[in-house]
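Residue-level listing of the chains:
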Amino acid sequence: MNERAFAPLPADIDLPAVEREILARWKAADVFRRSLERTADGPRWGFFEGPPTANGKPGAHHVEARVFKDLFPRFKTMKGHHVERRAGWDCHGLPVELAVEKELGFTKKQDIEAYGIAEFNARCRESALRNVADFAAMTERMGYWVDLDNAYLTMAPSYVESVWWSLKQIFDKGLLVEDHRVTPYCPRDETPLSDHEVAQGYQDDVDPSVTVRFPLTSGPWAGANLLAWTTTPWTLPSNTAVAVHPEATYVLAELDGERIVTAEPLLPEKAQPLERLSGRELAGSTYQRPLDLVPLSSFGDDAFTVLTADYVTTDSGTGIVHLSPAFGAEDLAVAREHGLPVVNPIGVDGHFLAEVPLVGGRFFRDANESVIAELEARGLLAAHEPYPHSYPHCWRCGTALIYYALPSWFIRTTAIKDRLVAENEATDWHPAHIKHGRYGAWLNNNVDWALSRNRFWGTPLPIWRCAEDHLTCVGSLRELSTVAGQDLKDLDPHRPFVDKISFPCPDCGGEARRVPQVVDVWYDSGSMPFAQWGAPHRDVEQFEASYPAQYICEGIDQTRGWFYSMMTVGTLVFDKSSYETVLCLGLILDAEGRKMSKHLGNILDPFELFDRYGADAVRWLMLAGGSPWVDRRVGDDALSEIVRKVLLTYWNAASFLLRYADLAGWRPGRPVTERHVLDRWLLAELHGVVADVDAALEDFDSAGAGRRLAAFIDDLSNWYIRRSRRRFWQAEPSAMATLLETLDVLTRLLAPFVPFVTDYLWQHLHADADSVHLASWPSAADLPDDPALVAQMRQVRDLVELGRSTRAANKIRTRQPLARAMVHAPGFAEIGPDLRQQIAEELNVRTVEPMTTDLVKVTVKPNFRVLGKRFGPRMRRLAQAIAAAGAPVDGTLTVTLDGETITLGGDDLVLTEQPRAGWAVTTVNGTSVALDLELDEELTQSGLARDAVRLVQDTRKGMGLAIADRIRLWWTSDRPEVAAALRTHRELLADEVLAVEVAEGTGDGDPVSFAELGLTVWLAPV
């Protein structure tokens, strides 16, 4: 450090321009690649990129996820870890299909089939990558270092082959099965959904709830009406049974002349109970179904029967459930147990079949009104009221879902529930409550994964079936070539091309053809840890070196999406989750706190934000604007504040050093132990900052790290530099060295957060240095640790704030010196003269001393409002004891009442301080600062001189003089006391305003007058 070369900073700062310059440097020097090469032999730290679908434009929410994906890999890389960061694009699935359907004007699946699957999928292939260039531009502009040149595509043949291989592993374990189940189903897209997809599409709706009469035709209570409650009146035409709980008590009661039956806890208040039976005793009774719109020729008149089912509850409704097996999983299970038919009058498009009376051709939910009207006309509607609740909609197209019985392929995830729970226990969740809360509850209620989709653009399910129902699962194109007896290695493994491949069934020799479904796109996404490499068919070493990842990150809405599919696929195939740590992110809101959406028109263009405030400001808002999982607002005010308080303050600190280092030349500073107390404090404070930021980032707490850094930047500028200005003006080497050492460490700490401005300033602080992103992460062990000094400086600053408030309360000008300040504070005696001098200079007093006992008279009174509740009739005697006890010690007072020793403090007492005449005192939490307000002639003159200094400094700024420019100064004053003050303090005036000459009298140039001092000055640059 004996010789330093500094590159001066430009006079004007344009953060977006700085960022564009740094981007050009990164490209020219290939800094990202070099950072990877630099750590090639270091320990691996795995990161998986959750692929976005690039058929839509990038938005601010994409920026959020990407900055968190960038921060921690940058941090780990600077610590010497090798972090592969491979980009990827999610290409399959309904998002792409729906976009293409909209472009083509299609409204149903039949439109696609008429158009041609090959042609439609070709359009999907193009659409899937339509906005890759925009995503890449945003990724680059925001400084997210990820390998875009070798990005994986989920539609690539090698990726699809890997997915096939994994499905074959699951099939061979007996966990991939076909079943006829009631499944969440989108009638617009005509395909089932998995439960983790359903969980992402709930909306608040209001449906009708009805209580319906089911007249009993036989049994102990024949002639009475069973009352069944439902929120799906549209299912009543397909009713096949009624269920009660076998152990519940049911009551025959009379209500307004009608005999009704409900569960006992749910009997209406006005009903008069007549008889009681258990559900088991009521079972076997027959009833007349309320609507006979769907003919059931196989049923006799008494075929509709009361059954028992354990899932029936008696905590809401009536405790009696009507069964419609085609539209409820539990209903279907009961129907299968009792051999009941599955009545389904609704087509795959969600509309009632045309031949069904009353509701034919209507969308299922739209039939409610007609069904209710018919029930009322038949005298079967006992009650009808709105029922607000959360109802599932398709997470992609927004259509209301229907639970619908149809054949689907399932992965039996329930069979590995215990393994999933164990893997979850081993996972580090941020926030921690997700592990056993949102996600843990999801796993505990796990259902089998509905894997298949009756769609077109997706990974085809690799299962072939013959007429004898033998199944063959294929794990690669090579394997398919073998069974088909032809070379298919170049086959496009998508529909319709793979649909055309048939082969002799290995079991019976009959023709085997592929089942028509494609795979849930979430399975594609969950396969990325191995499929991105094409493993195990290729690049096995790369896969094994990267599995599992140490870190993944996405929005909190992916808890039941990508986070679930990644853990589940990994556990199914490798018996180990794909990741060890997961960070959940909150939503991005507009400035008014509304979720950003196209509907509200409040989506912010990330490129506009970058061009207005700089990407670093946007990054800081995302990373440090609150805990990662907390929703955050993005708006002009928040970003402007970040630029002003964080980025520009940091920039100005570096600019301050470079300005004076360039003027004075560089000389090495003394050893730290011999430096000024402010230098020693700053480096000790920096020691704590390094330790705290490192620990926070290791714990994925970007907000905690950001708060610590922002506070330190403020300390650096508004305490250290402000308190050290005169030392920099005098080019003191230790001050220069301390500030450079601090900025060196601070820049490295900030680099993962704000990569552009840090790299720009790094290369000005170290003119011969490479990028800061090729530097090592700082170590607290390399900095002096002095917790006692840090604590004392904290107390010094608290005392300064208390003293300033005392000045303000008594309207004492800041520039008016005072004789002395007195302090009462715990530990003040240990504060040495150098720190006391800091207090004196900040408060503009001559001396700082411990407070004497006679300075303040303290009057103590009881707080009757607080103590009266506790002591009641003894309160009068307690007040007398307090009055006789004298002053409290350290804020507490001990008295004796009726022989009982009582210690009082805090809100128990009302303390009034009366300082000695000529003094002002402020006390907070047992700490007091007193100021001597009496002014002698010398103090008055000094105050006037300092007022003159301020006015001359303002004049310098108005003339556009640089901070280090020297001047000549002439002055006159028509106020004798001002003139006397300036004559007495001539050297102070010269030093403060950098005047090489100060003369009384008129000077050259235009005069500037200040009426408040009767002062006129002339300034001339040297």
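To be clear, the structure that these remarks concern was listed above.
1. Quick look at the sheet that holds strand S11 (residues 306-308)
In space, the three strands of this open sheet follow the order S11-S7-S12, with mixed pairing throughout. The outermost strands of the open sheet, each flanked by one partner alone, are S11 and strand S12 (320-323). For this sheet the average axis-to-axis angle between neighbouring strands, irrespective of direction, equals 35 degrees. One ladder, built from four bridges, connects strand S7 (residues 241-244) with S12; its direction is antiparallel. For Val242, the partnering residue across the bridge sits in S12 and is His322.

2. Regarding helix H3 (residues 60-78)
Taking 1.5 Å of rise per residue, the 19 residues of H3 would be expected to cover 27 Å, and the 27 Å separating its terminal C-alpha atoms lies within 8% of that figure. Counted residue by residue, H3 has 18 buried out of 19 residues, so it is predominantly covered.

3. So, the nonpolar core
Counting 144 residues, the largest nonpolar core has Tyr720 and Leu743 as its most contacted members. When residues of this core are assigned to their parent elements, the largest contribution, 14 residues, is made by helix H23 (residues 636-664). Setting aside residues no more than four positions away along its own chain, Tyr720 makes contact with Leu678, Asp679, Trp681, Leu682, Asp715, Arg727, Phe728, Ala735, Thr738 and Leu739. Among the nonpolar cores identified, the runner-up in size contains 58 residues, and Trp234, Leu236, Ala241 and Val306 belong to it.

4. Concerning the packing of helix H25 (residues 702-729) against helix H28 (residues 787-809)
Axes are the key here: two packed helices are described by the angle between their axes and the distance separating the axes. It is at 13 Å that the axes of H25 and H28 come closest, and there the two elements cross at 85 degrees. Here H25 is positioned roughly perpendicular relative to H28, judged by the angle of their axes. Contacts between H25 and H28 involve Asp715, Trp719 and Arg722 on the former and, on the latter, Met793, Val796, Arg797, Val800 and Arg804. Partitioned by chemical class, the residues of the contact of H25 with H28 number four nonpolar, no polar and four charged.

5. Topic: the environment of Pro8
Take Pro8: it is sitting in the segment before helix H1 (15-29). Relative accessible area serves as the criterion here: at 58%, Pro8 is assigned to the exposed category. Sequence separation between Pro8 and Leu639 is 631 residues; the distance between their C-alpha atoms is 27 Å.

6. Digging into the packing of helix H30 (residues 864-871) against helix H31 (residues 875-885)
For the pair H30 and H31, interaxial distance at closest approach is 9 Å and the crossing angle is 125 degrees. It follows from the interaxial angle that H30 and H31 lie oblique. The crossing of H30 and H31 is right-handed. Residues Phe864, Leu867, Gly868 and Phe871 of H30 form the contact with H31, whose own contacting residues are Met875, Leu878, Ala879 and Ile882. The residue makeup of the contact of H30 with H31, split by class, is seven nonpolar, one polar and no charged.

7. Observations concerning the pattern of salt bridges
By the definition in use, this model includes 76 salt bridges. For Arg378, the salt bridge is made with Glu374, and the minimal N-O distance between the two is 2.9 Å. On the accessibility criterion, Arg378 (35% relative accessible area) is partly exposed. Owing to a relative accessible area of 22%, Glu374 belongs among the partly exposed residues under this scheme. Salt-bridge contacts for Arg797 lead to Asp715; the nearest nitrogen and oxygen are separated by 2.8 Å.

8. Remarks on the side chain of Asp947
Following the sequence through the fold, Asp947 ends up in helix H32 (residues 937-958). Residue classification places Asp947 among the buried residues on the basis of a relative accessible area of 9%. Beyond its immediate stretch of four places on either side in the chain, Asp947 contacts Arg813, Arg815 and Leu1013.

9. Concerning the sheet that holds strand S36 (residues 995-1000)
If you walk across this open sheet you meet the four strands as S36-S35-S38-S37, and the pairing is mixed. The sheet is open, and its two borders are formed by S36 and strand S37 (1008-1010), each paired with just one other strand. Pairwise comparison of adjacent strand axes, ignoring direction, gives a mean angle of 25 degrees for this sheet. Here strand S35 (residues 967-973) runs beside strand S38 (residues 1015-1021); their pairing, made up of seven bridges, is antiparallel. Pairing of Trp970 across the sheet is with Trp1018, part of S38. This element, H32, spans S35, S37 and S38 of the sheet and lies at about 45 degrees to S38.

10. Structural notes on unusual backbone geometry
Here Arg495 and Pro496 are connected by a cis peptide whose omega angle stands at 0 degrees. Inspection of the secondary structure assignment puts Pro496 in the loop between helix H16 (477-484) and strand S20 (502-504). For the bond running from Tyr547 to Pro548, omega is -5 degrees, close enough to zero to count as cis. Tracing the chain through its elements places Pro548 in the loop between helix H19 (540-546) and strand S23 (552-555). Although it is not a glycine, Asp30 adopts a positive phi angle of roughly 50 degrees.

11. Things to note about the environment of Lys645
Mapped onto the secondary structure, Lys645 falls in helix H23. Sequence separation between Lys645 and Glu541 is 104 residues; the distance between their C-alpha atoms is 47 Å.

12. A short note on the state of the cysteines
Summed over all chains, the structure comprises zero disulfides. Sulfur of Cys466: no disulfide; nearest cysteine sulfur belongs to Cys508 and is 3.6 Å away. For Cys553, which is in no disulfide, the shortest distance to another cysteine sulfur is to Cys584 and amounts to 8.4 Å.

13. Examining the pairing of strand S31 (residues 900-905)
Both strand S30 (residues 892-897) and S31 contribute to a ladder of six bridges, which runs antiparallel. Counted as the bridge partner of Val895 is Ile902 from S31. Counting the residues between successive antiparallel strands, the hairpin from S30 to S31 contains two residues, one of them, Asp898, with a positive phi of roughly 55 degrees.

14. Section: the side chain of Glu554
In this structure, Glu554 sits in strand S23. A distance of 2.6 Å separates polar atoms of two side chains, one belonging to Glu554 and the other to Lys69. Excluding residues that lie within four positions of it along the chain, Glu554 makes contacts with Glu49, Gly50, Ala65, Lys69, Trp562, Phe563, Leu583, Cys584 and Leu585.

15. Thoughts on the packing of aromatic side chains
Applying the stated criterion across every chain yields a total of 43 aromatic pairs. Between Tyr185 and Tyr404, the aromatic rings sit 4.9 Å apart at their centres with planes inclined by 20 degrees, giving stacked as the arrangement. Within this pair, whereas Tyr185 is found in strand S3 (residues 176-186), its partner Tyr404 is found in strand S14 (residues 402-411), the two being separated by 219 residues in sequence. Seen from their ring centres, Phe327 and Tyr404 are 6.3 Å apart, and the 40 degrees between their planes marks the pair as tilted. Note that Phe327 is positioned in the loop between S12 and helix H11 (329-338) and Tyr404 in strand S14, a separation of 77 residues in sequence. With a relative accessible area of 5%, Tyr404 lands in the buried category. An aromatic cluster is defined as three or more aromatic residues linked by ring pairs; in this entry it consists of Tyr185, Trp234, Phe327, Phe363, Phe364 and Tyr404.

Definitions and cut-offs
The written sequence of each chain sets the order in which its residues are numbered from 1. pLDDT decides what is reported in this predicted model: residues at 70 or higher carry local features, side-chain atom pairs at 80 or more are listed and counted, and totals for whole chains, interfaces and linings draw on all residues regardless. Just so you know, side-chain values use all the structure's heavy atoms and leave hydrogens and water out. A pair of strands is considered paired only if DSSP assigns at least 2 bridges between the two. Under the DSSP-based scheme used, a helix requires at least four consecutive residues in state H or I and a strand at least two consecutive residues in state E, with every element numbered from the N terminus. Between N-to-C directions, angles cover 0 to 180 degrees, with each direction set by a line fitted to C-alpha atoms, over the stretch in contact for helices. What a helix should span is 1.5 Å times the count of its residues minus one. Throughout this description, buried means an accessible area under 20% of the type-specific maximum (1.4 Å probe, protein chains only), exposed means over 50%, and partly exposed covers the range between. Joining through side-chain atoms within 4.5 Å is the link that ties buried Ala, Val, Leu, Ile, Met, Phe, Trp, Tyr and Cys residues into a set, and such a set is a nonpolar core. The contact definition used throughout considers only heavy atoms, calling two residues in contact when any of these lie within 4.5 Å. Note on terminology: angles under 35 degrees are roughly parallel, angles over 145 are roughly antiparallel, angles of 65 to 115 are roughly perpendicular, and the others are oblique. In this count, Pro and Cys sit with the nonpolar residues alongside Ala, Val, Leu, Ile, Met, Phe, Trp and Tyr, while Asp, Glu, Lys and Arg are called charged and the others, Gly among them, polar. Crossing handedness is read from the near helix: turned anticlockwise from the far helix by less than a right angle, it gives a left-handed crossing, and turned clockwise, a right-handed one. Salt bridges are defined by distance alone: a side-chain nitrogen of Lys or Arg within 4 Å of a carboxyl oxygen of Asp or Glu. Any pair of cysteine sulfurs within 2.5 Å is marked as a disulfide. Under this definition, polar contacts are N or O atom pairs within 3.5 Å; protein pairs additionally need one hydrogen-donor-capable and one acceptor-capable atom, and for neighbouring residues in sequence, both atoms have to be side-chain atoms. Geometry of aromatic contacts follows a simple scheme: Phe, Tyr and Trp rings, the Trp one being its six-membered ring, pair when their centres are within 6.5 Å, and the pair is stacked under 30 degrees between planes, edge-to-face over 60, tilted otherwise.

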